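# Commentary on secondary and tertiary structure
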Amino acid sequence: FAAEIEEHPLLVYHSALPFSPRNSLTYKRFYDHKSYAKVTGLQDSWSPILLRLTGHQYLVQSVAFSPDGTHIVSGSSDETICAQVLPPIRGHRGYVRSVAFSPDGAHIVSGSDDKTIRVWDTSTG
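Throughout what follows, the structure given in this document is the object of discussion. (Residues numbered from 1 in each chain as written. Predicted model: local features only at pLDDT ≥ 70, side-chain atom pairs only at ≥ 80, totals over all residues. Heavy atoms only, no water.)

### Side note on the sheet that holds strand E6 (residues 107–112)
Spatially, the three strands line up as an open sheet ordered E5-E6-E7, and their pairing is antiparallel. Of all strands in the sheet, those with a lone pairing partner are strand E5 (96–101) and strand E7 (117–121), marking the two edges. Averaged over all neighbouring strand pairs, the angle between strand axes comes to 20°, with direction disregarded. Summarising the sheet, E5 and E6 pair through five bridges and their orientation is antiparallel. Residue serine 98 lies in a different strand from E6, and its bridge partner there is glycine 111. (Pairing = 2+ DSSP bridges. Helix = DSSP H or I, 4+ residues; strand = E, 2+ residues; numbered from the N terminus. Axes fitted to C-alpha atoms, helices over the stretch in contact; angles between N-to-C directions.)

Here it is, written out as structure tokens:
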């Protein structure tokens, strides 16, 4: 949002800043209690909603959430599939371009440059 912030910096002060967590550097540095109406329900710090998953050696081509939203699967140019609870799944002989979960979350399907589609068991890989 850099372009919007540069063009309209005061909008940030009146929209996003009042909702920054109280212990954030942004809130402490820029929030002026006299300039804003009382905002309730603020968090003390940023919630840990970001997650960094590692395991691929090359470019990630595809990512998907499980149907229940508790797991992530990814496919990569390193010819592997990574899921949170399994070691890297190997079997394709080309870039893994697409991954998805089955509706029940029991299987992962992958499509690759090796011209194959494979179905994997999420409990065993």
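### Quick word on the pairing of E6
Remark: five residues form the turn of the hairpin made by E5 and E6, two consecutive strands paired antiparallel; glycine 105 in that turn has positive phi of roughly 75°. Sheet topology note: the E6/E7 ladder contains five bridges and is antiparallel. Across the sheet, residue isoleucine 108 finds its bridge partner in E7, namely tryptophan 120.

### Brief notes about the environment of arginine 118
Inspection of the secondary structure puts arginine 118 in strand E7. Residues arginine 118 and glycine 91 lie 27 residues apart in sequence; the distance between their C-alpha atoms is 8.7 Å. Filtering out sequence-adjacent residues up to four positions away, arginine 118 remains in contact with Gly91, His92, Ile108, Val109 and Ser110. Looking at arginine 118, its side chain comes within polar contact range of the main-chain oxygen of glycine 91, at 3.1 Å. (Contact = heavy atoms within 4.5 Å. Polar contact = N/O pair within 3.5 Å; in protein donor to acceptor, adjacent residues only side chain to side chain.)

### Some points on the pattern of salt bridges
Using the criterion set out here, one finds one salt bridge in the structure. One salt bridge in this structure joins aspartate 113 and arginine 97, with 2.9 Å as the shortest N-O distance. Highlighted residues: aspartate 113 in the loop between E6 and E7 and arginine 97 in strand E5, separated in sequence by 16 residues. Taking relative accessible area as the criterion, aspartate 113 reaches 41% and is therefore assigned partly exposed. (Salt bridge = Lys/Arg side-chain N within 4 Å of Asp/Glu carboxyl O. Buried < 20%, exposed > 50% of the residue type's maximum accessible area, 1.4 Å probe, protein only.)

### What about the layout of surface pockets?
Counted as a void, the largest pocket has a volume near 220 Å³. Surrounding the largest pocket, Leu53, Thr54, Gly55, His56, Val60, Val63, Ile72, Ser74, Cys82, Ala83 and Gln84 form its lining. Of all the secondary-structure elements, those providing two or more residues to the lining of the largest pocket are strand E1 (60–65), strand E2 (72–76) and strand E3 (80–83). Residue composition of the lining of the largest pocket, grouped by class: six nonpolar, five polar and no charged. (1 Å grid on protein atoms, 1.4 Å probe; cavity = no way out; pocket = protein on both sides within 12 Å on 5 of 7 lines; lining within 4 Å. Points joined across faces, edges and corners; volume = space filled by probe spheres on them. Nonpolar A, V, L, I, M, F, W, Y, C, P; charged D, E, K, R; others polar.)

Read these as layout, nothing more, since geometry by itself doesn't imply function.
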